[in-house]
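The lines below spell out each chain.
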Amino acid sequence: MKEKKKKVLFISSLGGHLTQLLQLKPLFDKYDYHIITEKSIITEELSKEYPMSFLVYGARNYPVRYLFKFSVNVMKSLYFFFKVRPDVIVTTGAHTSVPMCYIAKLFGKKVIFIESFAKTSTPTLSGRMVYPIADLFIVQWEAMKKHYPKAVYGGSIY
């Protein structure tokens, strides 16, 4: 009898966050996984290689437009959560991942947050928002434990 693989949803925004998330590729074969990120030319290409869904890209430098796009992404996150039905959420941030983490927690799922490698001495906004609900919070720099005392130092994922 074949053991059922856990469903893991990997989520991040574009750029360095997605680059870090894709460093976890060795884990993909161990799970029934799905990736959610923001839609772009690059991620559309990546969707040929990975099972992937897209949120709306929303830069925060236009606050009114960002609030609208963020609201759309909250609704899309809820839709994707019920479509994928993950057991665990793994994220490297940023803003696009926060709603999914809270949705997962609301439904009793595990949340694993990996703080950005780029943040060596100050916490990210998404890290501060998800830290209180994360089942496992991983920092990539030992110095970040002063901001996140319950975090686990995992070293670099690069």
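Scoring rules and cut-offs
Residues numbered from 1 in each chain as written. Predicted model: local features only at pLDDT ≥ 70, side-chain atom pairs only at ≥ 80, totals over all residues. Heavy atoms only, no water. Core = buried A, V, L, I, M, F, W, Y, C linked by side-chain atoms within 4.5 Å. Buried < 20%, exposed > 50% of the residue type's maximum accessible area, 1.4 Å probe, protein only. Helix = DSSP H or I, 4+ residues; strand = E, 2+ residues; numbered from the N terminus. Contact = heavy atoms within 4.5 Å. Salt bridge = Lys/Arg side-chain N within 4 Å of Asp/Glu carboxyl O. Axes fitted to C-alpha atoms, helices over the stretch in contact; angles between N-to-C directions. Parallel < 35°, antiparallel > 145°, perpendicular 65-115°, else oblique. Left-handed = near helix turned anticlockwise from the far one by under 90°. Nonpolar A, V, L, I, M, F, W, Y, C, P; charged D, E, K, R; others polar. Phe/Tyr/Trp six-rings, centres within 6.5 Å; stacked < 30°, edge-to-face > 60°. Lys NZ or Arg CZ within 6 Å of the ring centre and 35° of its normal.

**Student:** Provide a residue-level description of the nonpolar core, including the pertinent values.
**Tutor:** Among the nonpolar cores identified, the biggest contains 24 residues, and Met 100, Val 130 and Phe 137 are the most heavily contacted of them. Secondary structure elements with two or more residues in this core: β1 (7-12), α4 (63-84), α5 (98-106), β5 (110-114) and β6 (136-139). The greatest single-element share of this core, amounting to five residues, is contributed by α5. Not counting the four nearest positions on each side in its chain, Val 130 is found in contact with Val 98, Cys 101, Val 111 and Phe 113. Within the second largest apolar cluster, 18 residues are counted, among which are Phe 10, Tyr 33, Phe 54 and Ile 138.

**Student:** Provide a residue-level description of the pattern of salt bridges, including the pertinent values.
**Tutor:** Considering all chains together, one arrives at four salt bridges under this definition. With a shortest N-O distance of 3.4 Å, Glu 44 and Lys 39 are connected by a salt bridge. A salt bridge links Glu 45 to Lys 48, with the nearest nitrogen and oxygen atoms 3.0 Å apart. Judged by its relative accessible area of 65%, Lys 48 is exposed.

**Student:** Provide a residue-level description of the packing of α4 against α5, including the pertinent values.
**Tutor:** Orientation of α4 relative to α5, taken along the N-to-C sense of each, is 40°, at an axis distance of 9 Å. Between α4 and α5, the angle falls in the class oblique. When the axes of α4 and α5 are compared, the crossing they make is right-handed. From α4, Phe 70, Val 74, Ser 77, Leu 78, Phe 80 and Phe 81 reach across to α5, where they touch Pro 99, Met 100, Ile 103 and Ala 104. Across the contact of α4 with α5, the residue classes tally to nine nonpolar, one polar and no charged.

**Student:** So, the side chain of His 95: which residues are in play, and what are the values?
**Tutor:** For His 95, the location among the structural elements is in the loop between β4 (88-93) and α5. A relative accessible area of 16% means that His 95 is categorised as buried. Those residues in contact with His 95, other than ones at most four positions away along the chain, are Glu 38, Gly 58, Arg 60, Tyr 66, Phe 70 and Ser 126.

**Student:** Please give an account of the packing of aromatic side chains that cites residues and values.
**Tutor:** Summed over the entire model, instances satisfying the criterion amount to 14 aromatic pairs. Seen from their ring centres, Tyr 66 and Phe 70 are 5.8 Å apart, and the 35° between their planes marks the pair as tilted. With a gap of four residues between them, Tyr 66 and Phe 70 both fall in helix α4, about one helical turn apart. Residue classification places Tyr 66 among the buried residues on the basis of a relative accessible area of 13%. Assessed through its relative accessible area of 27%, Phe 70 is described here as partly exposed. With 5.1 Å between their ring centres and 35° between their planes, Phe 117 and Trp 141 make a pair best called tilted. Taken together, the residues Phe 117 in the loop between β5 and α6 (125-130) and Trp 141 in the loop between β6 and β7 (152-153) connect sequence positions 24 residues apart. An aromatic cluster is defined as three or more aromatic residues linked by ring pairs; in this entry it consists of Phe 10, Phe 28, Tyr 33 and Tyr 50. The side chain of Arg 65 reaches across the aromatic face of Tyr 62, ending 4.7 Å from its centre. In this arrangement the basic side chain of Lys 150 is found over the ring face of Tyr 131, its NZ or CZ atom lying 5.4 Å from the centre.

The quantities given are spatial measurements derived from coordinates; they are silent on function.
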